[in-house]
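Remarks on the overall topology
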Amino acid sequence: MLRRGPRFASGVLRGLAQVMFLDSARAGAVFALALWTADWRYGAYALGGAALGTGAARLLGAPHDRVRAGLEGFNSCLTALCVAVFLGAGRPATVVLAAGACLVVTVVTAAVIRLLQVWGLPALTLPYCLLAGAVTVAAPAFRRIWPQGHSIAALPGAASGPTVLRWKDVAGAFFRNVSQVFFLEQWQAGVLLLAGLFLAGRVAGWVACAGSATGILTAWALGTPAARIADGTMGYNAVLVALALCGVFLAATRTTLPYALLGAATATALTPAVAALLAPSGGHPFTWPFVLTTLGFLAAARSFPHVTDPTRRRTSSRSAPSLHGDQAAAD
């Protein structure tokens, strides 16, 4: 009985860490610190959401290894944060809705896992995207939970603004591409989140850096306004895709790294397309570009043996050894 409390707390912290595919309570604690330093309310929502998702899954009898590793907490963590960001973190109605959404996303997670098992694909943040999208689109219909008083649905328009990047824009974007995974605009939070990644493993940290740089370069090459690049909203999906495809679902090697960065560039280009599709209904891209790109690249990887089986290439030709570091746990 005495051990259940610490084990549950460890599972909750791992739930935060699993947002970036890390099975590490220490990394989760650093992530929590980043959230609390940016806005204590976001830290509370993230921890509370992870706790509700983890607790609900545990009560419903979800596999113990998933609960222990935090795999039942990261979708609920993001769902609670999303509700807080879009509906106002200080409102009692938001707290109630966030709690209910965290319980529902636990059920949605189980359903998505069952469906995607047919193709042998991971659930990723698809449950969060589904529920967060439903909440933000439906919220204006309910006066007790919608504080704005008007709909945010709008027709997409052409990009405007200067495209010249200054060094401070690049530096800010590099860290905000990481912090925006948790809806945080502060570059300092991105520094802490990167520190958590490096704490869990050097490969995870360097791959996240490469993904962030790829997102910046791709957005700049396509002519994205500098303000959109600097605020990190164009690059956070690139960070997640890079992590997923190099070291998590595919081994971290010199073959998979270019493949992962191609995926990161694809997700960056896909972000405004998803935003344009969802804007008329009042929806947001969230991590849809990451989910769609990663599932597509993982399915395609089965046709590329040099990507899925690095040992085959090493036995057929002289190639460099794989990148060294711990492989992160993931669903």
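Quick caveat: nothing in here was measured; it's all calculated off a predicted structure.

1. A few points about the side chain of Thr-287
Inspection of the secondary structure assignment puts Thr-287 in the loop between α13 (256-278) and α14 (288-301). Assessed through its relative accessible area of 3%, Thr-287 is described here as buried. At 2.7 Å, the side chain of Thr-287 forms a polar contact with the side chain of Thr-125.

2. Section: the packing of helix α8 (residues 167-179) against helix α10 (residues 202-221)
Packed helices, taken two at a time, are described by the angle between their axes plus the distance between the axes. Packing of α8 against α10 brings their axes to within 9 Å, and their N-to-C directions diverge by 125°. On the basis of the axis angle, α8 is oblique to α10. Relative to α10, α8 is oriented so that their crossing is right-handed. Facing α8, whose interface residues are Val-170, Ala-173, Phe-174 and Asn-177, α10 presents Cys-209, Ser-212, Ala-213 and Ile-216.

3. Remarks on the UniProt feature "transmembrane region" (unreviewed entry) in the protein chain
As recorded in UniProt, the feature "transmembrane region" (unreviewed entry) lies at residues 12-36, 42-61, 73-89, 95-116, 191-222, 234-252, 259-280 and 286-304. Structurally, residues 42-61 is divided into 95% helix and 0% strand, and its ends, taken at the C-alpha atoms, are 28 Å apart. From the first C-alpha to the last, residues 234-252 spans 24 Å; its make-up is 68% helix and 0% strand.

4. Re the pattern of salt bridges
Any two side chains of opposite charge can pair if their charged atoms end up close together. Evaluated as defined, the whole model comprises 5 salt bridges. Across the pair Asp-23 and Arg-14 runs a salt bridge, and its minimum N-O distance is 2.5 Å. Since its relative accessible area comes to 16%, Arg-14 is described here as buried. Residues Arg-41 and Asp-39 are paired through a salt bridge, measuring 3.1 Å at the closest nitrogen-oxygen approach.

5. Some details on the environment of Pro-285
With respect to the helices, strands and loops of the structure, Pro-285 is situated in the loop between α13 and α14. Taking the relative accessible area as the measure of exposure, Pro-285 reaches 16% and is therefore buried. With 146 residues separating them in the primary sequence, Pro-285 and Ala-139 have C-alpha atoms 16 Å apart. Setting aside its immediate chain neighbours within four residues, Pro-285 contacts Tyr-236, Thr-271, Val-274, Ala-275 and Leu-278.

6. So, the side chain of Thr-271
Structurally, Thr-271 can be placed in helix α13. When sequence neighbours within four positions are dropped, the list of residues in contact with Thr-271 reads Thr-233, Met-234, Asn-237, Pro-285 and Pro-289.

7. Details of the packing of aromatic side chains
For the coordinates displayed, the defined rule picks out 12 aromatic pairs. Between Trp-36 and Trp-40 the ring centres are 6.3 Å apart and the planes differ by 35°, which places this aromatic pair in the tilted class. For Trp-36, a relative accessible area of 39% translates into the label partly exposed. Take Trp-40: its relative accessible area is 55%, and that puts it in the exposed class. Here a set of aromatic residues connected by ring pairs shows up, and it is made of Phe-86, Tyr-128, Phe-183 and Phe-286.

8. Quick word on the packing of α13 against α14
For the pair α13 and α14, the least separation of the axes is 8 Å and the interaxial angle reads 135°. Classified by the interaxial angle, the pair formed by α13 and α14 is oblique. Here the hand of the crossing between α13 and α14 comes out right-handed. In this structure, α13 contributes Tyr-259, Leu-262, Gly-263, Thr-266, Ala-267, Leu-270, Thr-271, Val-274 and Leu-278 to the contact, and α14 contributes Trp-288, Pro-289, Leu-292, Thr-293, Phe-297, Ala-300 and Ala-301. Residue classes in the contact of α13 with α14 are distributed as 12 nonpolar, 4 polar and no charged.

9. Looking at unusual backbone geometry
You will see that Phe-183, though not glycine, has its phi angle at about 65°, which is positive. Phe-183 gets classed as buried once you look at its relative accessible area, which sits at 16%. Positive phi outside glycine occurs at Phe-286, with the angle close to 45°. Positionally, Phe-286 belongs in the loop between α13 and α14.

The rules behind each value
- Residues numbered from 1 in each chain as written.
- Predicted model: local features only at pLDDT ≥ 70, side-chain atom pairs only at ≥ 80, totals over all residues.
- Heavy atoms only, no water.
- Helix = DSSP H or I, 4+ residues; strand = E, 2+ residues; numbered from the N terminus.
- Buried < 20%, exposed > 50% of the residue type's maximum accessible area, 1.4 Å probe, protein only.
- Polar contact = N/O pair within 3.5 Å; in protein donor to acceptor, adjacent residues only side chain to side chain.
- Axes fitted to C-alpha atoms, helices over the stretch in contact; angles between N-to-C directions.
- Parallel < 35°, antiparallel > 145°, perpendicular 65-115°, else oblique.
- Left-handed = near helix turned anticlockwise from the far one by under 90°.
- Contact = heavy atoms within 4.5 Å.
- UniProt positions renumbered as here; feature names shortened; annotations may be inferred.
- Salt bridge = Lys/Arg side-chain N within 4 Å of Asp/Glu carboxyl O.
- Phe/Tyr/Trp six-rings, centres within 6.5 Å; stacked < 30°, edge-to-face > 60°.
- Nonpolar A, V, L, I, M, F, W, Y, C, P; charged D, E, K, R; others polar.

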